[in-house]
Amino acid sequence: MQDGFNDPLWRQVVSGAQMLFVAFGALVLMPLITGLDPNVALFTAGIGTLLFQLVTGRQVPVFLASSFAFITPIILAKGQFGLAETMGGVMAAGFVYTFMGLMVKIKGTGFIDRMLPPVVIGPVIISIGLAMAPIAANMAMGKAGDGSVLLPYKTAMMISMPALLTTLIVAVFGKGIFRLVPIIAGVLVGFALSFAFGVVDTAKIAAAPWLELPNFTAPAFNWQAILFIVPVALAPAIEHIGGVIAVGSVTGRDYLKKPGLHRTLLGDGLATTAAGLFGGPPNTTYAEVTGAVMLTKNYNPKIMTWAAIFAITLAFIGKFGALLQSIPVPVMGGILCLLFGSIAAVGMNTMIRHKIDLAEARNLVIVSVTLVFGIGGVLIGSGDGPDDWGLKGIALCAIVAIALNLILPGNDGWKHKKLDDPMP
């Protein structure tokens, strides 16, 4: 069987570059949305993937990069606490994965199924997607997240809508490897239109050096910021499990047993902790890369090593980072109209696949309260200032969903459920 394990070195290198190409769009889009440095994201994706391979004995062909689940809390936490404190929260989220890996090692996976059944994780994922929908719409119309105008409406719409349409067309009608890169296709079309309309700041690209150290940011630890970020890690933990199951089904191997879910969770946790240490976004397994593994039938984990090396190398090219940061807001806004909706759709699919009956009072209560708390802006605490205690948004709805699930009668019936829906 041709599985890539006997490929010559040059072919492994080419395959690694291809895997990074597939992951690239989502990898850099997340930091661009949240205001993080895309070069740092490239660096931490590479370092995180290498750490994951070290912990798992380089057995699982996955690439770790920016998690979309953390977009909402990072944007809000940056505004409320600052970037350094947000990175401290990201590091703490990595410790959550590590702790979950330890618990899986000690008690098996049953406790995860009991604490995070579909009726909990479904509405939390929906909230992650829909909480940012107004910001995506504002960006598509040429506005900043707070509604201030950045570009004229007509110009913005003539950029954002073709970018969205291109992403849709490639995602639905693309063939082969091209079907896996709809985000890159949308960005290229939107960027080309931005040049045509003269809204790209080329001066910053010209002024940037070719070689430059990424803009690393050291973390600072604030317990309020940690409480704000950490609960969100629960949804990507399920995403991680789904990703490991998905790549195992592609390669025909049971990675939950070898190297073991406890080791893959530990690897993901170390990768996310390292990302927070350098100022990058939390890491997660990428469904796009799993699709590329299935398409190419190359199951050799060494190709992910080369993808990581390429990512780290690109992180030190200053002009490349300046080019990425010059992408106008409407380009990202158009694509986000699809991406945030897709995340919400994954949450709905989680509940549909597991046949969550909303006619049952227990399920209806959990889903309803979770959605309103996650999307409606309910605040538990004394205020929004950096010195005021407060819990809201995705962090609050995740805690409330878990608490309701554990408190309300009927939880025992979910012990057998398995969560295997990876997020986009």
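Before any of the text, the structure's been laid out above.
This is a predicted model, so every value here is computed, not measured.

Trainee: So what's going on with the overall build of the protein? Which residues, and what values?
Mentor: Helix and strand counts for the protein stand at 19 helices and four strands. Taken over C-alpha atoms, the radius of gyration comes to 21 Å for the protein, in line with the 22 Å a tight globule of 424 residues would show. Over its C-alpha atoms, taken along the principal directions, the protein stretches across nearly 60 × 55 × 45 Å. Looking at the 424 residues of the protein, the share that counts as buried comes to 56%. Look at the contacts in the protein between residues 6 or more apart in sequence, and 83% of them connect residues 24 or more apart.

Trainee: Break down the packing of aromatic side chains for me, with residues and values.
Mentor: Scanning the model with the defined rule gives seven aromatic pairs in all. Judged by centre distance (5.6 Å) and plane angle (50 degrees), the rings of Phe24 and Phe320 are tilted. Here Phe24 is found in helix 1 (residues 9–34), whereas its partner Phe320 is found in helix 16 (residues 318–325), with 296 residues between them in sequence. Judged by relative accessible area, which is 15%, Phe24 ranks as buried.

Trainee: Hey, could you go over the packing of helix 12 (residues 234–251) against helix 14 (residues 287–296) for me, with residue numbers and the actual values?
Mentor: Look at helix 12 against helix 14: their axes get within 10 Å of each other, and the N-to-C directions meet at 5 degrees. If you check the angle between helix 12 and helix 14, you find them roughly parallel. Counted together, Ala246, Val247, Val250 and Thr251 of helix 12 and Thr290, Val293 and Met294 of helix 14 form the full contact between these two elements. Tallied by class, residues from the contact of helix 12 with helix 14 come to five nonpolar, two polar and no charged.

Trainee: Account for the packing of helix 2 (residues 38–56) against helix 15 (residues 302–314), naming residues and giving values.
Mentor: In a pair of packed helices, the angle between the axes and the distance between the axes together describe the arrangement. Orientation of helix 2 relative to helix 15, taken along the N-to-C sense of each, is 150 degrees, at an axis distance of 7 Å. Comparing the axis directions of helix 2 and helix 15 gives the class roughly antiparallel. Helix-helix and strand crossings are classified by hand; for helix 2 and helix 15 the assignment is left-handed. The segment helix 2 lies against helix 15, with Asn39, Leu42, Phe43, Gly46, Ile47, Thr49, Leu50 and Gln53 engaging Met304, Thr305, Ala308, Ala311, Ile312 and Leu314. Across the contact of helix 2 with helix 15, the residue classes break down as nine nonpolar, five polar and no charged.

Trainee: Go over a nonpolar patch on the surface with me, naming the residues and quoting the values.
Mentor: Where nonpolar side chains cluster on the molecular surface, the patch consists of Leu165, Leu168, Ile169, Val172 and Phe173 and spans about 490 Å² of accessible area. Note on placement: Ile169 falls in helix 8 (residues 153–173). Judged by relative accessible area, Ile169 falls into the partly exposed class, the value being 41%.

Trainee: So what's going on with the layout of surface pockets? Residues and values would help.
Mentor: In this model, the second largest pocket occupies a volume close to 350 Å³. Together, 19 residues line the second largest pocket, and Lys204, Gly321, Ala322, Gln325 and Ser326 are the ones closest to its centre. By residue number, the principal contributor to the lining of the second largest pocket is helix 16, which donates four residues.

Trainee: Explain the nonpolar core residue by residue, including any values.
Mentor: Among soluble globular proteins, nonpolar side chains are generally buried collectively. Leu27, Leu29, Phe63, Phe68 and Phe70 are the most contacted members of the largest nonpolar core, which totals 100 residues. Among the elements that line this core, the one with the most residues is helix 1, at twelve residues. Residues Val62, Leu64, Val244 and Tyr255 belong to the second largest nonpolar core, which totals eight residues.

Calculation rules
- Residues numbered from 1 in each chain as written.
- Predicted model: local features only at pLDDT ≥ 70, side-chain atom pairs only at ≥ 80, totals over all residues.
- Heavy atoms only, no water.
- Helix = DSSP H or I, 4+ residues; strand = E, 2+ residues; numbered from the N terminus.
- Rg over C-alpha atoms; globule rule 2.2 N^0.38 Å.
- Buried < 20%, exposed > 50% of the residue type's maximum accessible area, 1.4 Å probe, protein only.
- Contact = heavy atoms within 4.5 Å.
- Phe/Tyr/Trp six-rings, centres within 6.5 Å; stacked < 30°, edge-to-face > 60°.
- Axes fitted to C-alpha atoms, helices over the stretch in contact; angles between N-to-C directions.
- Parallel < 35°, antiparallel > 145°, perpendicular 65-115°, else oblique.
- Nonpolar A, V, L, I, M, F, W, Y, C, P; charged D, E, K, R; others polar.
- Left-handed = near helix turned anticlockwise from the far one by under 90°.
- Patch = residues over 30% accessible without salt bridge, like charges linked within 9 Å, V, L, I, M, F, W, Y side chains within 5 Å.
- Areas by Shrake-Rupley, 256 points an atom, 1.4 Å probe, with all protein chains shown as cover.
- Salt bridge = Lys/Arg side-chain N within 4 Å of Asp/Glu carboxyl O.
- 1 Å grid on protein atoms, 1.4 Å probe; cavity = no way out; pocket = protein on both sides within 12 Å on 5 of 7 lines; lining within 4 Å.
- Points joined across faces, edges and corners; volume = space filled by probe spheres on them.
- Core = buried A, V, L, I, M, F, W, Y, C linked by side-chain atoms within 4.5 Å.

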